[in-house]
Amino acid sequence: IDYGTKMITLLADCETSGTLFVPDGWTVDGDCYAIIGTETPVTAFSGAILQNSGVLMKLVDLTVTTNKATWDNPGKNSGGDLVGIRFLNASGSMTDVTVDGVSHGNGVQEGKGVLIDNRTNTHSVQVTADRITVVNYQKNGVDVRGAGATLELTDSVIGFGATPNGVRIDDKTASNSLVVAY
């Protein structure tokens, strides 16, 4: 952690069973490492794996993924808005970021790779995303919601809905690569 530059740099892969919050105005430099959302066979992750705690978040050279073998379970339901990376009423950027495996592989309408959610905000937010990859999500790859929310997406790959292990999603889940709503 570098307080002078407001930079958190990963030194190895790390695991979390709950949401990790990025302080306002800080950058997370993955340095080619991953943040791994974990579940057990009897627990389900709820909420976002990584989320801002202020009005600005920057992410570089980072992978957000899941412990795929445990997450690949059609009997699971997180009971919440399952998300890989959430910008909640916040601006920011993502460069060289991958989100992979935010899915239980079932018909539940949850599991977004990246969510830019500005539905409860009165000011505009803008997120830039360059060279991002979002794959093996359940509901939406990239989801932009709310008045005043904008996304500039360049040189990126948004795959199709699938289980965490890459098997195409069932015919009950309305999977979308890109959603812009409200």
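Values in this document were obtained by computation on a predicted structure and should not be read as measured data.

Analysis parameters
Residues numbered from 1 in each chain as written. Predicted model: local features only at pLDDT ≥ 70, side-chain atom pairs only at ≥ 80, totals over all residues. Heavy atoms only, no water. Helix = DSSP H or I, 4+ residues; strand = E, 2+ residues; numbered from the N terminus. Polar contact = N/O pair within 3.5 Å; in protein donor to acceptor, adjacent residues only side chain to side chain. Contact = heavy atoms within 4.5 Å. Buried < 20%, exposed > 50% of the residue type's maximum accessible area, 1.4 Å probe, protein only. Pairing = 2+ DSSP bridges. Salt bridge = Lys/Arg side-chain N within 4 Å of Asp/Glu carboxyl O.

Description of the side chain of Asn-118
Position of Asn-118 relative to the elements: it lies in the loop between β10 (112-117) and β11 (125-135). There is a polar contact of 2.8 Å between the side chain of Asn-118 and the side chain of Asn-121. In contact with Asn-118, other than residues within four places in its own chain, are Asn-89, His-123, Ser-124, Val-125, Arg-145, Gly-146, Ala-147, Gly-148 and Ala-149.

With respect to the pairing of strand β5 (residues 34-37)
Alternating residues of β5 divide into Ala-34 and Ile-36 and Ile-35 and Gly-37, and every residue in both groups is buried. As paired strands, strand β2 (residues 14-16) and β5 are joined by three bridges and run parallel to one another. Opposite Glu-15, over in β5, you have Ile-36 as the bridge partner. Bridge analysis of β5 against strand β7 (residues 56-66) gives four bridges, and the strand direction is parallel. Across the sheet, the residue bridging to Ile-36 is Thr-65, located in β7.

Here's the deal with the environment of Tyr-182
Tracing the chain through its elements places Tyr-182 in the segment after β15 (176-181). Tyr-182 sits in the exposed class, given a relative accessible area of 64%. Each C-alpha atom of the pair Tyr-182 and Asn-118 lies 9.2 Å from the other, and the pair is 64 residues apart in sequence. Residues in contact with Tyr-182, not counting those within four places in the same chain, are Arg-119, Arg-145, Gly-146 and Ala-147.

Details of the pattern of salt bridges
One pass over the full model with this rule turns up eight salt bridges. One salt bridge connects Arg-86 with Asp-81, and the closest N-O pair in it is separated by 3.4 Å. According to the relative accessible area criterion, Asp-81 is partly exposed, its value standing at 27%. In this structure, the salt-bridge partner of Asp-96 is Arg-131, at a minimum N-O distance of 2.7 Å. A residue pair is termed long-range when its members are at least 10 positions apart, and Asp-96 in strand β9 (residues 91-100) and Arg-131 in strand β11 qualify at 35 residues. Owing to a relative accessible area of 33%, Asp-96 belongs among the partly exposed residues under this scheme. According to the relative accessible area criterion, Arg-131 is partly exposed, its value standing at 36%. Several salt bridges share partner residues, and in doing so they unite Asp-81, Arg-86 and Lys-112 into one network.

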